[in-house]
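Structural characterization, general
Chain residues, written in single-letter form:
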Amino acid sequence: MKVVFKTVWDLPAEELFASGHRACAGCGPAIAMRWLTKVAGPNTIVVNATGCMEVTTTQYPETAWMVPYLHVAFENAAAAASGIEAAIKTLRRKGLWSGKTNVMVIAGDGGTYDIGLQSLSGMLERGHRVIYVLYDNEAYMNTGIQRSGSTPKYAWTTTTPVGKAIRGKIQRKKDIMGIVVAHRPPYAATASISNLVDLSNKLKTALEYTEEGPTFLHILAPCPPGWRYPEERTVEVARLAVETGYFPLWEYDHGKVRLNPPTSAIAADPKRRRPLKEFLKIQGRFAHLTDAEIEELEKDVVANLEYLAKLASL
Amino acid sequence: MSLPKVHEIPIGGIITEPGSSRRNPTGGWRSLKPVLHDDRCIRCRICWMYCPEGTIKEIKGEFVVKGKKYQYKYEIDYTYCKGCGICAHECPVKAIEMVPET
Ligand SMILES: Cc1ncc(C[n+]2csc(CCOP(=O)(O)OP(=O)(O)O)c2C)c(N)n1
Ligand code: SF4
Ligand code: SF4
Ligand code: SF4
Ligand SMILES: [Mg+2]
């Protein structure tokens, strides 16, 4: 990662994501949108998949976006962005445009893990110079909290109820970074809305590497109504996700895996990892969990950290 | 009946005014109001960074608080503040207080 911003005081002041949007109070993804636009800057074309960040920001005839913005459908944001990138290339070839224009997909987890996966894979494989940003709130929130390929095991959603037959989601969260990295893009990284300097540096790095090919940013962005916690705790929940090892911060940079702080410290010294319970207990979607179930999830967290540490040692 | 020509039909789905969501004053959603006590604020930028509405303004200038000089001051624009309380919850010195709307 290139360190462009050393402290919070280096972060850009200009806002390109306007107030008045209709996201819920305390929306984690809305925090992400502010920083994506701030850091990417005005010379950016945003291609947004259907989801909360599209529906709440573009209530016709108004928009919160202050950069060129395109919404086509739920499943094809990466394909639409590929077309924009190809068009920019053509304009360049014809001598009609010489500036640097970022093409940035912004899509939810439903739009990435599930429904937009093939268009994302196609874009990565064809090598379009597009940055794809996944904001992960771990369910289809805009349509009322349905489970997605990103929803973690045992989480309650409206389609994975808690009862006698099942206890929340049956399956594990999909390893989307693994899928993306399998395409060997120049750069892919995870980030959290709680660690904004890290997030901003990764975005800057990704935008720079996009000159070579596609890049990917996976941002954890908690959602108060979907995760069932009081809205003032959005940043705290995101921070606990990182500090308990539930959501490790790491990057894949030209074939090399690197763990980033604080994940690097947690992986090196397991005593520095907070118990997973601290992340789970403040969320209603995990309120039903037994100690045995928490223990099972904690084992998964530890195994994942060990797996990433192994990758980083290669 | 004569049909309009293609160029006479208004273009659908295009919004030409960036940031026009500002016409929607979301402050009316609020039930709790964040009150920022400037005399306690240590100018750490945290509330400004995390506000999902971008409604905490960073004002540049010369501000003297309790004998300390600062180049910034933070002010909440209540037109859009939804009262989520993230700013108050994250402030390291509890300079923001959530009070019920009257
Ligand atoms: C093809 C198609 N199927 C279903 C929908 C309905 N729909 C709109 S938004 C949405 C959920 C989006 O979930 P996600 O991508 O996770 O974004 P979030 O709302 O959680 O931010 C769904 C199912 C749609 N618009 N298009
Ligand atoms: S449902 Fe969740 S992600 Fe969607 S606008 Fe509300 S807080 Fe944000
Ligand atoms: S209460 Fe929420 S919306 Fe209002 S200023 Fe604080 S962080 Fe922003
Ligand atoms: S978080 Fe608190 S101390 Fe920091 S700038 Fe805001 S009000 Fe001031
Ligand atoms: Mg989602």
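Notes on the structure follow. If you're wondering where the values come from, they're calculated on a predicted model, not measured in any experiment.

Within chain A, the secondary structure is distributed over 12 helices and eight strands. On C-alpha atoms alone, chain A measures out to a radius of gyration of 19 Å, which is about the 20 Å that the 2.2 N^0.38 rule sets for 314 residues. For chain A, the C-alpha atoms occupy an extent of roughly 65 × 45 × 40 Å along the three principal directions. Across the 314 residues of chain A, 57% fall into the buried class.

Here we come to the site of ligand 3. Surveying the vicinity of ligand 3 reveals 13 residues, the closest of which are C51(B), C81(B), C84(B), G85(B) and C87(B). Grouping the constituent residues of the shell around ligand 3 by class yields eight nonpolar, three polar and two charged.

With that settled, consider the interface of chain B and chain A. Reports often express the size of an interface as the amount of accessible area lost when the parts come together. On the side of chain A, 40 residues touch chain B, which itself brings 35 residues to the contact. Roughly 3,000 Å² of surface becomes buried between chain B and chain A when both sides are summed, with 56% attributable to carbon and sulfur atoms. Run the count over chain B and chain A and you get two salt bridges. Summed over the shared surface of chain B and chain A, the result is 22 residue pairs in polar contact (both at pLDDT 80 or more).

Across all of its chains, the model carries 10 aromatic pairs over all chains by this definition. Judged by centre distance (5.2 Å) and plane angle (25°), the ring pair of W9(A) and Y72(B) falls under stacked. In this pair, W9(A) sits in the segment before α1 (28-40) while Y72(B) sits in strand β3 (residues 68-76), so the two residues belong to two different chains. Given the relative accessible area of 18%, Y72(B) is considered buried.

To continue, consider the nonpolar core. In this structure, M33(A), W35(A), M104(A), I219(A) and F279(A) are the most contacted members of the largest nonpolar core, which totals 89 residues. When residues of this core are assigned to their parent elements, the largest contribution, eight residues, is made by α1(A).

Now for the pairing of strand β5 (residues 187-192) of chain A. Residues and elements named next belong to chain A. The buried fraction of β5 is high, at six of six residues. The two faces of β5 match: Y187, A189 and A191 on one face and A188, T190 and S192 on the other face are all buried. One ladder, built from six bridges, connects β5 with strand β6 (residues 215-220); its direction is parallel. When the sheet's bridge partners are listed, T190 is paired in β6 with H218. This β-α-β element, β5 to helix α7 (residues 196-209) to β6, shows right-handed connectivity. Both β5 and strand β7 (residues 250-253) contribute to a ladder of three bridges, which runs antiparallel. Along β7, the bridge assignment pairs A188 with Y252.

Cut-off values and rules
Residues numbered from 1 in each chain as written. Chains lettered and ligands numbered in written order. Predicted model: local features only at pLDDT ≥ 70, side-chain atom pairs only at ≥ 80, totals over all residues. Heavy atoms only, no water. Helix = DSSP H or I, 4+ residues; strand = E, 2+ residues; numbered from the N terminus. Rg over C-alpha atoms; globule rule 2.2 N^0.38 Å. Buried < 20%, exposed > 50% of the residue type's maximum accessible area, 1.4 Å probe, protein only. Near = heavy atom within 4 Å. Nonpolar A, V, L, I, M, F, W, Y, C, P; charged D, E, K, R; others polar. Contact = heavy atoms within 4.5 Å. Buried area = accessible area lost by both parts, 1.4 Å probe. Salt bridge = Lys/Arg side-chain N within 4 Å of Asp/Glu carboxyl O. Polar contact = N/O pair within 3.5 Å; in protein donor to acceptor, adjacent residues only side chain to side chain. Phe/Tyr/Trp six-rings, centres within 6.5 Å; stacked < 30°, edge-to-face > 60°. Core = buried A, V, L, I, M, F, W, Y, C linked by side-chain atoms within 4.5 Å. Pairing = 2+ DSSP bridges. Right-handed = clockwise from strand over helix to strand, strands pointing away.

Read these as spatial facts, not as claims about activity.
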